[in-house]
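Chain by chain, the residues:
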Amino acid sequence: MLPAQSASGSEKKTSSLSIDEKEYKKVAKKHEPPRPILKNCLKAFLVGGTVCLIGQAIQEAFMAGFDMTSKEASSPTVAVMILISVILTCLGVYDKMAQWAGAGTAVPVTGFANSMCSAALEHRAEGLVLGVGANMFKLAGSVIVFGVVAAFVVGIVYAFLGFGGGHL
């Protein structure tokens, strides 16, 4: 015999223990730990700023050491920043830094390299093509598509506003 049935086989009315959505949100908010927003922003600012400072130092080193202009030094700077990010991800340092700093490690180039490298490391047991290749580019595909579409839209806006250099 089931607990909700009486000896005669008819179902008993049980009291409803469910609460509505508003009450649930109220209870959940009451028990949610407070978020240190200012502290998190400060950590993100410090780490993101440090990553950018390192990038600027690398660019200045290329400019001074190889007599490059700022524009010429930008490509090797990006390549070195990606390399540093991938090495730190492989060593597990970047992920620990991201846990502490939060959004500060999402600086575009290094954060993107970290996410691709993390996906590759996570799925390497599945093989190079179906594991590493397929999963590494899941994120890259959406980012690249967004970048291309955004660049197209911005280019159209610039062309119509007259900032496009008169190519129309």
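To be clear, the structure that these remarks concern was listed above.
Residues numbered from 1 in each chain as written. Predicted model: local features only at pLDDT ≥ 70, side-chain atom pairs only at ≥ 80, totals over all residues. Heavy atoms only, no water.

S.K.: In this structure, what is going on with the pattern of salt bridges? I would like to understand it.
M.R.: Pairs can form between side chains of opposite charge once their charged atoms are near each other. The full count for this structure, using the stated rule, is two salt bridges. Lysine 25 is the partner of glutamate 21 in a salt bridge, and the nearest nitrogen-oxygen pair spans 3.3 Å. Here glutamate 21 and its partner lysine 25 are both found in helix α1 (residues 21-31), four residues apart, which amounts to about one turn of the helix. Its relative accessible area of 56% is what places glutamate 21 among the exposed residues. Residue glutamate 32 pairs with arginine 35 through a salt bridge whose shortest N-O separation is 3.4 Å. (Salt bridge = Lys/Arg side-chain N within 4 Å of Asp/Glu carboxyl O. Helix = DSSP H or I, 4+ residues; strand = E, 2+ residues; numbered from the N terminus. Buried < 20%, exposed > 50% of the residue type's maximum accessible area, 1.4 Å probe, protein only.)

S.K.: Can you walk me through the side chain of histidine 123 in this structure?
M.R.: Tracing the chain through its elements places histidine 123 in the loop between α5 (108-122) and α6 (128-161). On the accessibility criterion, histidine 123 (19% relative accessible area) is buried. Apart from residues no more than four positions distant in its own chain, histidine 123 is found in contact with Gly131, Val132 and Asn135. (Contact = heavy atoms within 4.5 Å.)

S.K.: Got a minute to help me understand the nonpolar core in this structure?
M.R.: Among soluble globular proteins, nonpolar side chains are generally buried collectively. Counting six residues, the largest nonpolar core is built from Val51, Ile58, Phe62, Ala73, Met81 and Val107. For this core, the secondary-structure elements that each account for two or more residues are α2 (37-65) and α3 (70-90). Looking at which element gives the most residues to this core, the answer is α2, with three residues. For valine 107, the contacting residues outside a window of four places in its chain are Gly48, Val51, Cys52 and Phe112. One finds Met116, Ala120, Met136 and Ala140 within the second-largest nonpolar core, a separate group that totals five residues. (Core = buried A, V, L, I, M, F, W, Y, C linked by side-chain atoms within 4.5 Å.)

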